[in-house]
Each structure stands twice: as structure tokens, then as C-alpha cells.
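What follows is the residue order along each chain.
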Amino acid sequence: MEDYIAKDQMASVTERREKEFEDYQRRYPAMTKDAVIAAPNTPLSYPIYGAGVMPLHTIVIPGLGFHGISTEKVQVILRASFGTLNTLADTSKDIVHGRGGKELRISTSNRKLLNHILEHVTYTSTVFLVNAVDMVSFETGSYRVKFPVTIQQLPLPKLFDPGPGNHVRDLVTITTKTFLRYHKLQVLLKSIREFYPDVKVIVADDSEHPEKIEEANVEHFIMPFGKGWFAGRNLAVSQVTTKYYLWVDDDCLFTENTKIEKLVEVLENTNLDVVGGRLAGNDFKFKIFYEEGEDGSCLHIRSGSFHPLEGFPNCVITGGVANFFLARTEETRRVGFDPKLQRVAHIEFFMDGLGNLLVGSCSDVGVGHQNRDLATDSQQAAVEKNYSKFRTNTQEQIRMKLSLHYFKNRLKCYTRTG
């Protein structure tokens, strides 16, 4: 990937990239945590999962206990980093030391009392962190363990009303991006109305001389000229008010096989965020493999899928699909579409969604494609010729895209086959 960065800029670009990556690791520490190894034969019991607290709140830590056989005086010590420790047990200062601090010491020869105190140990978050993990240490004698206390601000749910009848029109908005080719867009809209006359369609349009679209249930949003492919996707999806949106290109064609209901059924009954179908008979889907490295990472795109989707015999789990897919509105908005990608872009959305979006593909649903032959109408032919000047991927665009991946995704290599 370094080959796509100007030689005289390489050092400064790399320096800025590494600085941004360090900031990324600071903001998302869970991605860089060391493994926590369970100590063998320890007399201590403690939670390995499920101890969670909201910022600046208090919880009783579940599962703490001492199970040793010693009859002598035992001391246990707990230490925290992002909060303070205490116990609700009413005991003397001779037994419990450090109440309300980051280190709590408990000393007693009474095992029953010790466990009573441990059962009531509290953790109070003292730093407003929205998503962090405090690795609390717990020790006695030569035994020392660590367990996680998750500090997390629970987000408000954002729900979409499916309506009393659970109709497609209340669940799905059809979205598309158009540029110059209004004759293609009109054919698409006509085919949509044949099968889904009451479903809203949102059109993002960055044509130089926009034409007014007067269609029922069509919202037409005008953009600055040539703003680009992904900018148009962002605009269209930003205006969706339904739980799902169906993305199609403006030269697609709805057919009897364009069964939105089937795709809705998949998303309603699985954890998938995106599900695609066939485009012009082609079952295009691909896997994404990511390899981390010290000086940069590698991304590999391979055709195919990972495994079948349970409960849906015609569907599989994959990494990305064609420009015909149904997606959860809120989840894909969080990923977004990089507006720097103006011409040829699609895989990049799934690259940005890697680790956040679960993607599937179903072969029993599809959309057609309009005739690719040259237009016989002279005016339409001129439009197509002008359109191709903007649509064709140039070496400059390819170089820009790869240099973007070098910095933005910290990639040092990228391969694609199939």
C-alpha cells in the first residue's frame, strides 16, 4: 500500500497515521487487552463475567468468597483502578481496612465472617466512563487473581414502530442514488410501483441539472453536482424513518422474484444487520479476512460465504453482498458511507462495517438489471455517454482509494480474488 503514497509525503503521512492509531487504541482499549489467565487451584471464588456497573453507580460484586481450609488468621486484599471498594457488612475497623478506597483489606480467622464480608463487597464507579473494564485484583497469601468489572453507560433503545399490521410499507423504505440517468430511474420507479405501490422511495440526486420527480410516495433530495456515490447513500439513508431500508441502484428492475417480505423475515428472525440477494441473476457475495500487524494490517477479499444461516436453507453468512440488500437502518447508520469515495465504491462499506455488521445473503430473492445495450434514443445515448465519464474508475481514483485505506484503515496490504 505504501506504493500509493507520494515518496516525499510518506514519512509525515505514516507519523500522522500512527498517532491516530494510538488514539484509536486509547479510545477502544478492549481491542488491545492482554489475555487473563485463571490461576490453578485457588481458594478464591470470583466473577469471570457479569459484574457490571453504570458510571458513578454502585454494585455488590457477585460471587466473592474464600474456600481455604486454614484456621489461622487470613487476609484478603482487593484492588481497583477506576472505582472504590467497600462492604455493606457491619464490622469493626480491625477487620476491614480501606473502606471507600481503591484497596480493601479484610483480616480475620473467622471463615464464616470473612465470607459474609466478601458477599457484601461493593464496587463504586468514580470515573464517568461510558464503556470500560476495570480489572480488579483479588489476593490472599500467594494466590492472586483478577476479574473484570464492566463500567458501561447503557444506551437508550431506538425503536421503530412497525405499525399495527406489520406491512412492508411500515417496515421498509426503498433507497437509491441517481446521477443524470433519469430514464433509468423512471424504469426503476415504474417496476417498484408494479409490486410495491405504497412503499416510500427515497432518491438522492447529484445531477448537474436536476429534473423534478413527481411520483407518489417518492422523496427526491437534491445534492451539489457530482457530490458522489457514497455521499448520496448517506443522504438517502439519513432520511429513512422505518426499521429497514432496501438499497437498489437506479438501473435495477423489480421482478416477481423481488420479494422484500422474504428479506424482512430473515432480519426479523435473526441477528443479521444486512441481508442481500441476487442481482441480475448473479449471487455475488464475498468474505473479508483481517490480519493485524505491528506496522500495519492486511485485508483479504475472497468470494463465497462462511456457512449456512440456520433456519433459512437458501441463506448463508458472508462478509458482503451486491448493491441489492435490506439493512437495519440504525445499525448501518453507525457505520455510514465514506463520502470521500465518489465514483466506484461498494466493498468499502462492508470493510468499514467489519466487526460491527453481521451480513447474510439469500439466493431465493433477487432484483433484475435494466438492459445494458446502448440507448437507441439519441438524447438518452448522450446522457449515457456523459454518465460513463463520471462512472468509469480512473487510475487517479484507484490511487486515492488505496492511499485512503493506507491511512484510514492502517492497511499495508490488500488482496482481492474471485
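Our structure's up above, just so we're on the same page.
A brief structural summary. (Residues numbered from 1 in each chain as written. Predicted model: local features only at pLDDT ≥ 70, side-chain atom pairs only at ≥ 80, totals over all residues. Heavy atoms only, no water.)

Here the focus is the overall build of the chain. Across its full length, the chain holds ten helices and 25 strands. In terms of overall dimensions, the chain has a C-alpha envelope of 100 × 60 × 35 Å along the principal axes. Buried positions account for 44% of the 418 residues belonging to the chain. Pairs at least 24 apart in sequence give 72% of the contacts found in the chain among residues at least 6 apart. As displayed, the chain offers around 22,400 Å² of accessible surface, 51% of which is attributable to carbon and sulfur atoms. Seen as two clouds, the 50 positive and the 51 negative side-chain charges of the chain have centres 3 Å apart. (Helix = DSSP H or I, 4+ residues; strand = E, 2+ residues; numbered from the N terminus. Buried < 20%, exposed > 50% of the residue type's maximum accessible area, 1.4 Å probe, protein only. Contact = heavy atoms within 4.5 Å. Areas by Shrake-Rupley, 256 points an atom, 1.4 Å probe, with all protein chains shown as cover. Lys, Arg positive; Asp, Glu negative; His and termini not counted. Charge placed at Lys NZ, Arg CZ, Asp CG, Glu CD.)

So, about the sheet that holds strand S6 (residues 83–87). Pairing is antiparallel in the open sheet, where three strands are placed in the order S3-S9-S6. For this open sheet the edge positions go to strand S3 (58–60) and S6, each flanked by a neighbour on one side alone. Each neighbouring strand pair of the sheet contributes to a mean axis angle of 25 degrees, computed without reference to strand direction. As paired elements, S6 and strand S9 (residues 121–125) share five bridges and run antiparallel to each other. Pairing of Leu85 across the sheet is with Tyr123, part of S9. (Pairing = 2+ DSSP bridges. Axes fitted to C-alpha atoms, helices over the stretch in contact; angles between N-to-C directions.)

In this section: helix H4 (residues 182–195). In this model H4 runs 20 Å from its N-terminal to its C-terminal C-alpha over 14 residues, within 8% of the 20 Å that 1.5 Å per residue would give. Taken together, the buried positions of H4 are Tyr182, His183, Lys184, Leu185, Leu188, Leu189, Ser191, Ile192 and Arg193. Among the structural elements, strand S12 (172–178), strand S13 (201–205), strand S14 (218–222), strand S16 (252–253) and helix H9 (378–391) are those in contact with the buried residues of H4. (Expected span 1.5 Å × (residues − 1).)

A separate point is the packing of aromatic side chains. Counted according to the given criterion, the structure contains 13 aromatic pairs. Centre to centre, the rings of Tyr196 and Phe254 are 6.2 Å apart; their planes meet at 80 degrees, and the pair counts as edge-to-face. Within this pair, whereas Tyr196 is found in the loop between H4 and S13, its partner Phe254 is found in the loop between S16 and helix H6 (260–268), the two being separated by 58 residues in sequence. When its relative accessible area of 6% is taken as the criterion, Tyr196 is described as buried. Centroid distance Phe349 to Phe350: 4.9 Å. Interplanar angle 65 degrees. Geometry classified as edge-to-face. Each member of the pair Phe349 and Phe350 is classed as buried. Positioned over the ring face of Tyr406 is Arg17, at 4.1 Å from the centre of the ring. Over the aromatic face of Phe21 sits the side chain of Arg410, whose NZ or CZ is 3.9 Å from the ring centroid. (Phe/Tyr/Trp six-rings, centres within 6.5 Å; stacked < 30°, edge-to-face > 60°. Lys NZ or Arg CZ within 6 Å of the ring centre and 35° of its normal.)

Time to look at a nonpolar patch on the surface. Residues Leu56, Phe128 and Val130 make up a contiguous nonpolar surface patch of about 310 Å² in total accessible area. Structurally, Leu56 is set in the loop between strand S2 (52–53) and S3. Take Leu56: its relative accessible area is 49%, and that puts it in the partly exposed class. (Patch = residues over 30% accessible without salt bridge, like charges linked within 9 Å, V, L, I, M, F, W, Y side chains within 5 Å. Salt bridge = Lys/Arg side-chain N within 4 Å of Asp/Glu carboxyl O.)

Counted under the stated rule, the structure contains two disulfides. Note on cysteine connectivity: Cys298 is disulfide-linked to Cys413, with sulfurs 1.7 Å apart. With the S-S dihedral at roughly 125 degrees, the linkage between Cys298 and Cys413 falls on the right-handed side. With a gap of 115 residues between them, Cys298 in strand S19 (residues 297–303) and Cys413 in strand S25 (residues 411–417) connect regions that are remote in the sequence. Taking relative accessible area as the criterion, Cys298 reaches 9% and is therefore assigned buried. Judged by relative accessible area, which is 23%, Cys413 ranks as partly exposed. The side chain of Cys315 participates in a disulfide bridge whose partner is Cys362; the two sulfur atoms lie 2.0 Å from each other. Torsion about the S-S bond of the Cys315 and Cys362 cystine: about 110 degrees, corresponding to right-handed handedness. With Cys315 in strand S21 (residues 312–318) and Cys362 in strand S24 (residues 359–369), this pair connects stretches of sequence that are 47 residues apart. Neither Cys315 nor Cys362 differs from the other in exposure class; each is buried. Cysteine pairing for the chain, with bonded cysteines counted in sequence order: 1-4, 2-3. (Disulfide = S-S within 2.5 Å.)

Another point: the side chain of Asp250. Tracing the backbone shows Asp250 in the loop between strand S15 (244–247) and S16. A polar contact of 2.9 Å, which involves the side chain of Asp250, links it to the side chain of Arg181. Beyond its immediate chain neighbours, meaning those up to four positions away, Asp250 contacts Thr176, Lys177, Thr178, Phe179, Arg181, Lys184, Leu185, Leu188 and Gln370. (Polar contact = N/O pair within 3.5 Å; in protein donor to acceptor, adjacent residues only side chain to side chain.)

Judged by nonpolar contacts, the single largest core of 38 residues is most densely connected at Val172, Ile174, Leu246, Phe254, Ile260 and Leu326. The contact partners of Leu246, leaving out residues within four places of it in the chain, are Val172, Thr173, Ile174, Thr175, Phe254, Ile260, Leu263, Phe324, Phe325 and Leu326. Among the nonpolar cores identified, the runner-up in size contains 37 residues, and Val240, Val335, Met351 and Leu411 belong to it. (Core = buried A, V, L, I, M, F, W, Y, C linked by side-chain atoms within 4.5 Å.)

The next subject is the side chain of His300. Summarising the element assignment, His300 is placed in strand S19. In this structure the side chain of His300 is engaged in a polar contact, spanning 2.6 Å, whose partner is the side chain of Thr415. Residue contacts for His300: discarding those within four places in its chain leaves Lys287, Ile288, Phe289, Glu291 and Thr415.

For Ala280, which is not a glycine, the phi torsion comes out positive at approximately 55 degrees. Structurally, Ala280 is set in the loop between strand S17 (274–279) and strand S18 (285–291). Given the relative accessible area of 38%, Ala280 is considered partly exposed. Not every positive phi belongs to a glycine, and Arg410 is a case in point at roughly 55 degrees. For Arg410, the location among the structural elements is in the loop between helix H10 (395–408) and S25.

Interpretation note: all reported values are geometric properties and have no functional meaning in isolation.
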